[in-house]
Amino acid sequence: MSTTTPSSNRLPSAFWALNLVQSLGVFNSNLFRWVVVWALATRGATAAGTIDENQIFIVGALVAIPYILFSSAAGVLADRYSKRSLIVLWNLAAVVIMLIGALALMSNIPLLIYAAVFLLSTQAALFSPNKYGILPEIVPREKLSQANGLMESGLDLSIVLGTLAGGVAYAAFGQDVAGASTAACWRVSILCCGISVVATAACFFIPPTEACASGKKITPGCWQDGSRTTASVPEHPHLV
């Protein structure tokens, strides 16, 4: 059931809250990701300044895999439950994951750090369908194009700023004296945790929405959903 109000010249405050939640989350994810890349790449660095470039590939893969595995399930959940409730839930999860990330970095154990990156990307994959699916429920129909454009602008800007901030944050807080440990980066994780708390608070400015009551069930073969969707594209020329 839609919660949109009669149209006006301005987008509703709920939209701006949603855009803020998205922007903070994307900024946070990219900030943490690049701090992790730098921390792992310079872990155990010698005086000669050796850097493990493989860490960029490993972290990139861990960021991408959850979108492949969980995007289909995330879409089903967004249909079956209140999108606003899920937005709150996934942002609360981000707070917990950032705390896990701080402990993982302090441990200086790459496997635990990889796990934190994977969990954060999984949270982002589960959150994503809700932020787009809720737009028709909080924004008047005639404002959807404008809302989509602003959401994408906020997304792109947050990616750029988060990437830049990752390098700056690592230079400011992440390097220990020996340059051989990730432990000093725990302060960046706490910073990210604080940003997640602000994003979670902003979620409560989004009005409650009802579930679509979809009868679709989550299928374990995520690749099957993807292949079916791809095969159906020619039936919808406007998508090409």
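Below is a summary of the structure that appears in this document. (Residues numbered from 1 in each chain as written. Predicted model: local features only at pLDDT ≥ 70, side-chain atom pairs only at ≥ 80, totals over all residues. Heavy atoms only, no water.)

Considerations on the overall build of the protein chain
1) Next: A tally of regular secondary structure across the protein chain gives eight helices and zero strands.
2) Next: From first element to last, N terminus to C terminus, the protein chain shows the α and β order α-α-α-α-α-α-α-α.
3) Next: For the protein chain, the residues scored as buried account for 42% of the 240 residues in total.
4) Next: A fraction of 85% describes how many contacts in the protein chain between residues 6 or more apart in sequence connect residues 24 or more apart. (Helix = DSSP H or I, 4+ residues; strand = E, 2+ residues; numbered from the N terminus. Buried < 20%, exposed > 50% of the residue type's maximum accessible area, 1.4 Å probe, protein only. Contact = heavy atoms within 4.5 Å.)

With respect to the pattern of salt bridges
1) Next: One pass over the structure, following the stated rule, counts one salt bridge.
2) Next: In this structure, K83 and E137 form a salt bridge, with 2.9 Å as the shortest nitrogen-oxygen distance. Placement of the pair is K83 in helix α3 (residues 83-107) and E137 in helix α5 (residues 135-138), with a sequence separation of 54 residues. Pair check on accessibility: K83 and E137 agree, each one buried. (Salt bridge = Lys/Arg side-chain N within 4 Å of Asp/Glu carboxyl O.)

Points about the packing of aromatic side chains
1) Next: What the rule picks out here adds up to three aromatic pairs.
2) Next: Where F15 meets W16, the ring centres are 5.0 Å apart and the plane angle is 70 degrees; that geometry is what we call edge-to-face.
3) Next: Ring geometry for F70 versus F118: centroids 6.4 Å apart, planes at 70 degrees, classification edge-to-face. Of the two residues, F70 sits in helix α2 (residues 54-80) while F118 sits in helix α4 (residues 110-133), which places them 48 residues apart along the sequence.
4) Next: Given a relative accessible area of 27%, F70 falls into the partly exposed group. (Phe/Tyr/Trp six-rings, centres within 6.5 Å; stacked < 30°, edge-to-face > 60°.)

A look at the environment of F173
1) Next: By the secondary structure assignment, F173 is in helix α6 (residues 144-174).
2) Next: Residue class for F173 comes out partly exposed when judged on its relative accessible area of 37%.
3) Next: A sequence separation of 138 residues divides F173 from V35, and the C-alpha atoms of the two residues are 9.6 Å apart.
4) Next: Ignoring any residue separated from it by four or fewer positions in sequence, one finds F173 in contact with A184, R187 and V188.

Observations concerning α6
1) Next: For α6, the full list of buried residues reads A147, M151, G154, L155, S158, G162, A165, G166, A169, Y170 and G174.
2) Next: At its buried positions, α6 is contacted by α1 (13-41), α4, α5 and α7 (186-203).

Structural notes on the environment of L62
1) Next: Along the chain, L62 turns up in helix α2.
2) Next: Owing to a relative accessible area of 16%, L62 belongs among the buried residues under this scheme.
3) Next: Each C-alpha atom, one on L62 and one on Y114, is 7.3 Å from the other, the two residues being 52 residues apart in sequence.
4) Next: With residues near it in sequence (within four places) discarded, L62 still touches Y114, V117, F118 and S121.

Considerations on unusual backbone geometry
1) Next: With a phi close to 60 degrees, N108 is a non-glycine residue in the positive phi region.
2) Next: When you line up the elements, N108 lands in the loop between α3 and α4.

Examining the environment of I68
1) Next: Inspection of the secondary structure assignment puts I68 in helix α2.
2) Next: Along the chain, I68 and A125 lie 57 residues apart, while their C-alpha atoms are 8.7 Å from each other.

Section: a nonpolar patch on the surface
1) Next: A cluster of nonpolar side chains, L99, L103, M106, W186 and I190, forms an exposed patch at the surface whose accessible area comes to about 490 Å².
2) Next: Those elements that provide at least two residues to the nonpolar patch are α3 and α7.
3) Next: With three residues, α3 is the largest single contributor of residues to the nonpolar patch.
4) Next: Relative to the helices and strands, L99 is located in helix α3.
5) Next: L99 sits in the partly exposed class, given a relative accessible area of 41%. (Patch = residues over 30% accessible without salt bridge, like charges linked within 9 Å, V, L, I, M, F, W, Y side chains within 5 Å. Areas by Shrake-Rupley, 256 points an atom, 1.4 Å probe, with all protein chains shown as cover.)

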